[in-house]
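Observations on the model geometry
Chain by chain, the residues:
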Amino acid sequence: MEHDETRQNHSSAPSVGRRSVLAGAGVATVAGLVGAAAAAPAAASPGAKPNAAMPVKFGADGRLRIVQFNDTQDTHLTDKRTIELIEKTLDAEKPGFVVINGDVINGGPSTATQVKQAYNNILAPIEERGIKFAITFGNHDEDSLSKNTGMTEQKLVDWMHDAYEHNLNPAVDPKLTGHSNGQILFKSSKSNTPAFGVWLLDSNRYAPGTIGGQSRDGLKNYDWIHADQVQWYREASIATEKRFGRKIPSLAYFHIPLWEHHHMWFGSQFGSDDATHAAAAELHDIVGEKNEAVYVGAWNSGLFAAMQERGDVRGAYVGHDHINTYMGNYFGIELGYGPGTGYGAYGLSGAQQHRLRGARVFELDENADGVYTGTRTVFASDLGIDTTPGNQRISEPAPLP
């Protein structure tokens, strides 16, 4: 993400933003909704398409690990340390599923081939290891359209479906806002039923210049998870519960943070006073760093309230703000960030530029109460990866599949 809250031209195109300031110093949708759920109302809802497959399965020991990468955000000549970070994290953690949570690339690629190469530099290490994966889209993944690459999010999904055997990106439903909405259910090691699930949501890109006939001045620059997406989540969640006779504990991933990510840190819905953070940290068990503002969408469209109502989501994790790494428990639902993974994107200032490059790991155990047992961050320095400021780009992109 490149943050620019001072831009006032109301264009939906991306801006240069403040990145330079900070840096300078499937194939499955509602997988597993079969039988009774196919006849439930949610089966006719946008995006809620029955699919019998549960492509991710818990290990024989009842365990499974998810790794979240965020904001790899580079060109077809990706910084080699971003690739090294992905490879070493995968080899150390051995996840059963990987989510790349938005802004996979930036606006640098100038041809369709370069867009694919930029994606492939990130996806190839996952595919080569035979790990199931999916992406969500962020606000930058279509930036190359300004250079006439023609690589829309729809075309990216179609290409990934064809190119990568292990890609589980949801099929795009044209009736539903966004291009990376879906549910993936993880099969139990003990039965043909799901033990856990993942919700993927597209938080979209940029807010329109006017809303309801009025100027957007004073609101955030970013789009939001729309009402039809919230409705889809609720109805698909209900259909899942009807099908299996119980709510399936899940994690949710999307790129742009909710307003509640901000509220949790400050312990106040309308305040941004660090003096209130200490009490909030104690109440919500907040750990990690906050080094920039929480760049939410222009609207709060009620996803958190819907997740509270349904009671199946254990945590909602985002990216977008590369140098925020915190998480906490906000009234029963974890809210948090995955660290910015990509060395080509903005980071901290000066000598600290790449200190927070990393990934987030989630531990699942179907023998434990609630299945989800916790999360932690892994940083480049933990894996012995160079964090010297600046870029170290590869000279040639990885071969395309």
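This section reports on the structure supplied with the text. Because the structure is a prediction, the values reported are computed rather than measured.

Here we come to the overall build of the protein. Looking only at helices and strands, the protein has 8 helices and 14 strands in total. On the protein, roughly 14,600 Å² of surface is accessible, and the fraction owed to carbon and sulfur atoms is 50%.

So, on to the nonpolar core. In this structure, Val98, Ile100, Tyr119, Leu123, Ile126 and Ile135 are the most contacted members of the largest nonpolar core, which totals 33 residues. Among the secondary structure elements, those contributing two or more residues to this core are β2 (63-69), α2 (80-93), β3 (97-101), α3 (112-128), β4 (132-136), α4 (153-163) and β13 (358-365). Looking at this core element by element, the count peaks at 6 residues for α3. Beyond its immediate sequence surroundings of up to four residues, Val98 is in contact with Val67, Phe69, Leu90, Ile126, Ile131, Lys132, Phe133 and Ala134. Ala252, Phe254, Met307 and Val313 belong to the second-largest nonpolar core, a separate cluster that totals 31 residues.

The next subject is helix α7 (residues 277-284). All buried positions along α7 are accounted for by His277, Ala280, Ala281 and His284. Buried residues along α7 cover an arc of 100° about the axis, so they all sit on one side. Summarising the geometry of α7, the exposed residues directed more than 90 degrees from the buried face are Ala278, Ala279, Glu282 and Leu283. In the core, the buried residues of α7 are packed alongside α6 (259-266) and β11 (327-330). Count one or two residues on from α7 and you reach Asp285, which has phi positive near 55°.

Glancing now at the pairing of strand β12 (residues 333-337). Walk down a regular strand and you will see the side chains alternate between the two sheet faces. Within β12, 5 of the 5 residues are buried, which leaves it mostly tucked inside the rest of the structure. Side-chain alternation along β12 places Ile333, Leu335 and Tyr337 on one buried face and Glu334 and Gly336 on a second face that is also buried. Summarising the sheet, strand β10 (residues 313-318) and β12 pair through 4 bridges and their orientation is parallel. Paired with Val318 across the bridge in β12 is Tyr337. As paired elements, β11 and β12 share 4 bridges and run antiparallel to each other. Bridge pairing in β12 links Tyr330 to Ile333. The turn joining β11 and β12, which pair antiparallel and follow one another in sequence, is formed by 2 residues; a positive phi near 55° is taken by Phe331.

Where α2 contacts α3, the two axes come as close as 10 Å, and the packing angle between them is 20°. One way to sum up the angle between α2 and α3 is to call them roughly parallel. Considering how the two elements wind past one another, α2 and α3 form a crossing that is right-handed. On the side of α2, the interface is formed by Thr82, Ile83, Ile86, Glu87 and Leu90, while α3 contributes Asn121, Ile122, Pro125 and Ile126.

This part is about the pattern of salt bridges. What the rule picks out here adds up to 15 salt bridges. Where Arg393 meets Asp74, a salt bridge forms, and the shortest distance between an N and an O atom there is 2.4 Å. One end of the pair, Arg393, is in the segment after β14 (372-379); the other, Asp74, is in the loop between β2 and α2, and 319 residues separate them in sequence. Under the relative-accessibility criterion, Asp74 is labelled buried at 1%. When the shortest N-O distance is used, the salt bridge between Arg310 and Glu241 registers 2.7 Å. Residue Arg310 is located in helix α8 (residues 303-310), and its partner Glu241 is located in helix α5 (residues 227-244); the two are separated by 69 residues in the primary sequence. What makes Glu241 partly exposed here is its relative accessible area of 26%.

One open sheet accounts for 7 strands, arranged β1-β5-β6-β9-β10-β12-β11; its pairing is mixed. Looking at the sheet topology across the chains shown, the edges are occupied by β1 (56-57) and β11. α5 contacts β5 (182-187), β6 (194-200) and β10 of the sheet and is inclined by roughly 170° relative to β6.

Conventions we followed
Residues numbered from 1 in each chain as written. Predicted model: local features only at pLDDT ≥ 70, side-chain atom pairs only at ≥ 80, totals over all residues. Heavy atoms only, no water. Helix = DSSP H or I, 4+ residues; strand = E, 2+ residues; numbered from the N terminus. Areas by Shrake-Rupley, 256 points an atom, 1.4 Å probe, with all protein chains shown as cover. Core = buried A, V, L, I, M, F, W, Y, C linked by side-chain atoms within 4.5 Å. Buried < 20%, exposed > 50% of the residue type's maximum accessible area, 1.4 Å probe, protein only. Contact = heavy atoms within 4.5 Å. Arc of directions from axis to C-beta. Pairing = 2+ DSSP bridges. Axes fitted to C-alpha atoms, helices over the stretch in contact; angles between N-to-C directions. Parallel < 35°, antiparallel > 145°, perpendicular 65-115°, else oblique. Left-handed = near helix turned anticlockwise from the far one by under 90°. Salt bridge = Lys/Arg side-chain N within 4 Å of Asp/Glu carboxyl O.

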